[in-house]
Structure formats: structure tokens, C-alpha cells
Amino acid sequence: MPRYEFRCRACGANFEVSRPMREATAPASCPQGHGDTVKLLSTVAVTGRGGAAPSGPAGGGGGGCCGGGCGC
């Protein structure tokens with residue numbers, strides 16, 4: 001189940017709420033009971049398995065704007 005991070009505007013506490021994605025935009029009260037909260041933008045890091053071969057076109061791949069996929 002996704003976890004969403006919030007900050008309370010009244011007391012400044014940061015807290016997390018686990019809830020289904022269909023309730024992602026629902027308001028959340030802070031643990032102190034304040035209702036004036038804001039949902040924070042969270043970042044997610046997605047990594048592949050260590051040692052896996054890179055996917056993409058075989059061959060040179062000189063970098064460029066997209067890692068060599070467009071041939072620039």
C-alpha cells in the first residue's frame with residue numbers, strides 16, 4: 001500500500017499515511033489532531049538488479065541527449 005508524506009501547517013510535524021491510491025488526494029489530520037495539512041512531494045528511486053546488462057540498442061551509444069538511442 002502506498003505511503004504518503006504530509007506536513008502539518010499548525011505544528012510543523014511531518015508524518016506519513018498509508019492508504020490506497022484511490023484515496024491519494026484525501027485530506028489527512030496530523031497525529032496531534034490538526035486538520036490543516038499539506039501533502040508533500042515524495043521522490044522514488046527505482047533501480048534495477050545489480051550486475052544486470054543494460055537494456056537498449058547494442059553498439060556504441062555515444063551519450064547525447066538520450067544515452068545514444070537516437071544517434072545524436
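Here, the structure is the one placed above.
Figured I'd write up the structure that's included with this text. All of these numbers come straight from a predicted model, not from anything done at the bench.

### Some thoughts on the sheet that holds strand β3 (residues 37–39)
A sheet is described by the order of its strands in space; here three strands give the open sequence β2-β1-β3, paired in antiparallel fashion. Edge strands, defined here as strands with exactly one partner in the open sheet, are β2 (14–18) and β3. Each strand of the sheet is rotated relative to its neighbour by a mean of 35°, with strand direction disregarded. As judged from the three bridges shared by strand β1 (residues 3–8) and β3, these two strands associate in the antiparallel manner. In the sheet register, Phe 6 faces β3, and the bridge partner there is Lys 39.

### Looking at the side chain of Arg 19
Checked against the element boundaries, Arg 19 lands in the loop between β2 and β3. There is no salt bridge for the buried Arg 19, and the closest opposite charge comes from Glu 23, which lies 4.6 Å off by N-O distance. Ignoring any residue separated from it by four or fewer positions in sequence, one finds Arg 19 in contact with Met 1, Pro 2, Tyr 4, Phe 6, Ala 24, Ala 26, Pro 27 and Ala 28.

Definitions and limits used
- Residues numbered from 1 in each chain as written.
- Predicted model: local features only at pLDDT ≥ 70, side-chain atom pairs only at ≥ 80, totals over all residues.
- Heavy atoms only, no water.
- Pairing = 2+ DSSP bridges.
- Helix = DSSP H or I, 4+ residues; strand = E, 2+ residues; numbered from the N terminus.
- Axes fitted to C-alpha atoms, helices over the stretch in contact; angles between N-to-C directions.
- Buried < 20%, exposed > 50% of the residue type's maximum accessible area, 1.4 Å probe, protein only.
- Lys, Arg positive; Asp, Glu negative; His and termini not counted.
- Salt bridge = Lys/Arg side-chain N within 4 Å of Asp/Glu carboxyl O.
- Contact = heavy atoms within 4.5 Å.

No statement about biological role is implied by the geometric values presented.
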